[in-house]
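As a plain string of letters, each chain reads:
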Amino acid sequence: LGHHAIMFAHVVFYLLCLVTFSSAGIPAPPLYFEDQVVDHDKPNDMRRWKHRYYIWEYHFQGPGFPIFVIMGGEGNIEPQTGIMYPFVAEHLARDLGAFVLQPEHRFYGESLPVKVNETYDPREQLLTSKQALQDAMRLVRLYQKRLQCSLDRTSQTYCPVITVGGSYPGFLSAMARLLFPDIVDIAYAGSAPMKFYAQLTDVDAYYDHITDVAESTSPGCAKDVRTSLYSVNKQILDSDNEDINALAIKFGFCSGSVPAYIETIETFADELFMIFGYCTANDNMAYYPPSQTSRLHQMCRLFSTSKSPEEKVKEFFLDRLPTTGNNCIQMTSQLPTGPNATISGGDWSGDGWGTSAESWDFQTCTLLVEKIGFSEYSMYPNRNWTLSWMERHCWSRFGVVPQPHKLVDEWGFDDLVAKTNASRILFTNGLKDGWSVSGIKEDLSPSLLALNFPNGAHHSDLSGTGPSPNDTPDIQAGFRTIRNILLSWLFEVRSKSRNGNVVEL
């Protein structure tokens, strides 16, 4: 989900491509839980580690009132970001008298259970969604005790737990309710890529939808982009392998910065268009509120000009990617850390760069397999995603084999009604978002609800700014609907208690 690249879903500044799809949240000082468990699947493993997390307690009205748990995802959470979703911390928490707890996901930022090196790499056991969920649940139990919240749901001091997340953390939020119903009462899952992880999304759907959104933004855009990219692709493929450095310079990259593994013209073309693809994916995620000042619209305007295809692509890259003092881009800056890193990684919407990207590449190489390709219909040069390509990449990178069906077979989230007892999960989707192709967009039951925003992009309801006058009417109405759904479910939880506290608004 990413989404993705270093994309810390929801608040992150994309150093991969210079675009934010939401600005920073609410700065807060970090806290550390030094008794976090290294391996929750081994009760006799007594190893512990220091887990970074954040809290927002200014609206908490005491025992008996809710606890929001904002799930961390595929990126670090720094203090300047703090609490990622102001809608939760400064609106829902205020209205409901709630406490807010936000753990960083293990193996991102400062939350490192173990150090990985060439001789010791336990990530296949430790870097999993379930381990991260168990980290969060252990923190919830810690704070239920600190806040003097009863664990008895019939007690007036019971504090209902509501998980929240956008993108991959939206998936985690839903899974927290599914897997830990004894702890989690309600889940709010924004732009959760449920069907990607259930292996139910067509391989070409993601970039096809981004193409359609670009076309709706500016009629003729998809054809303009496609024409230029196909022209550039032909120019590259008609060149010789010795021309790779000269071609890189032509498209805005610094001389000598092409990664060493790119030895053929064909690989150079694949990686050049992968960079273009994930930059436009970021533009798509940031396309809220829709306007002519958006980067997506600016891209359409650029490709409608009379400039040469090469000039358009170069200008696009120089506008999106960080440059050096010589006004060129280090192509190697697009690589994750770790051995045998490549620009095309486990997530073709963009792994990102640096250590967070390495962790995300690992997760999408193991259990969070996302089938994302570039079809002939799309505005990008055709490149088919295949499991065999992924298997080669993941074995070269980490010595692991992707297991696309393992999670869904174990957890049953491909059919939440028939295969699980899931209830009280709210799924929200921005319909202009590429990730919406893998979202749950219809009500599945009276307590498995979907809320769709025609003007929304990537979890626009869970932005880093929160509700504002700039929000479109559908999102403004959505804030009220979300609040009312959560409130009705809190009353439902309370109806099972004996004279419990009910939040009056």
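About the cut-offs
- Residues numbered from 1 in each chain as written.
- Predicted model: local features only at pLDDT ≥ 70, side-chain atom pairs only at ≥ 80, totals over all residues.
- Heavy atoms only, no water.
- Helix = DSSP H or I, 4+ residues; strand = E, 2+ residues; numbered from the N terminus.
- Rg over C-alpha atoms; globule rule 2.2 N^0.38 Å.
- Buried < 20%, exposed > 50% of the residue type's maximum accessible area, 1.4 Å probe, protein only.
- Contact = heavy atoms within 4.5 Å.
- Core = buried A, V, L, I, M, F, W, Y, C linked by side-chain atoms within 4.5 Å.
- Salt bridge = Lys/Arg side-chain N within 4 Å of Asp/Glu carboxyl O.

Caption draft 1: Fine view of the overall build of the protein chain. If you tally the helices and strands in the protein chain, you get 15 helices and 10 strands. The C-alpha atoms of the protein chain give a radius of gyration of 23 Å, which matches the 23 Å a tight globule of 505 residues would have. Across its three principal directions, the C-alpha atoms of the protein chain cover 75 × 55 × 45 Å. The 505 residues of the protein chain split such that 63% are buried.

Caption draft 2: Layout of the environment of Ala248. Its location among the elements puts Ala248 in helix α8 (residues 244-250). The exposure class of Ala248 is buried, given its relative accessible area of 0%. Remark: the alpha-carbon pair of Ala248 and Lys314, spanning 66 residues in sequence, is separated by 9.6 Å. In this structure, Ala248 is in contact with Phe253, Val258 and Phe268, ignoring residues within four places of it in sequence.

Caption draft 3: Examining the nonpolar core more closely. One finds Phe171, Ile236, Phe253, Met299, Phe317 and Phe413 to be the most contacted residues of the largest nonpolar core, which totals 117 residues. In terms of residue count, the dominant contributor to this core is helix α9 (residues 265-285) (12 residues). Beyond its immediate sequence surroundings of up to four residues, Ile236 is in contact with Leu247, Phe251, Ile265, Phe268, Ala269, Leu272 and Phe273. Ile26, Val88, Ile162 and Ile475 belong to the second largest nonpolar core, which has 37 residues in total.

Caption draft 4: Quick look at the pattern of salt bridges. A full pass over the atoms with the stated rule returns 23 salt bridges. Arg48 is the partner of Asp35 in a salt bridge, and the nearest nitrogen-oxygen pair spans 3.1 Å. You can see Asp35 sitting in strand β3 (residues 31-37) and its partner Arg48 sitting in strand β4 (residues 48-56), a full 13 residues away along the chain. Asp35 sits in the partly exposed class, given a relative accessible area of 37%. With relative accessibility at 32%, the residue Arg48 sits in the partly exposed group. Each member of the salt-bridge network shares a partner with another, and the members are Arg52, Glu78, Glu104 and Glu110.

Caption draft 5: Focus on unusual backbone geometry. Here Tyr288 and Pro289 are connected by a cis peptide whose omega angle stands at -15°. Residue placement: Pro289 occurs in the loop between α9 and α10 (295-303). The phi angle at Arg424 is positive, at roughly 50°, despite the residue not being glycine. Inspection of the secondary structure puts Arg424 in the loop between α14 (406-411) and β9 (425-430). Despite not being glycine, His459 has its phi angle at roughly 30°, a positive value.

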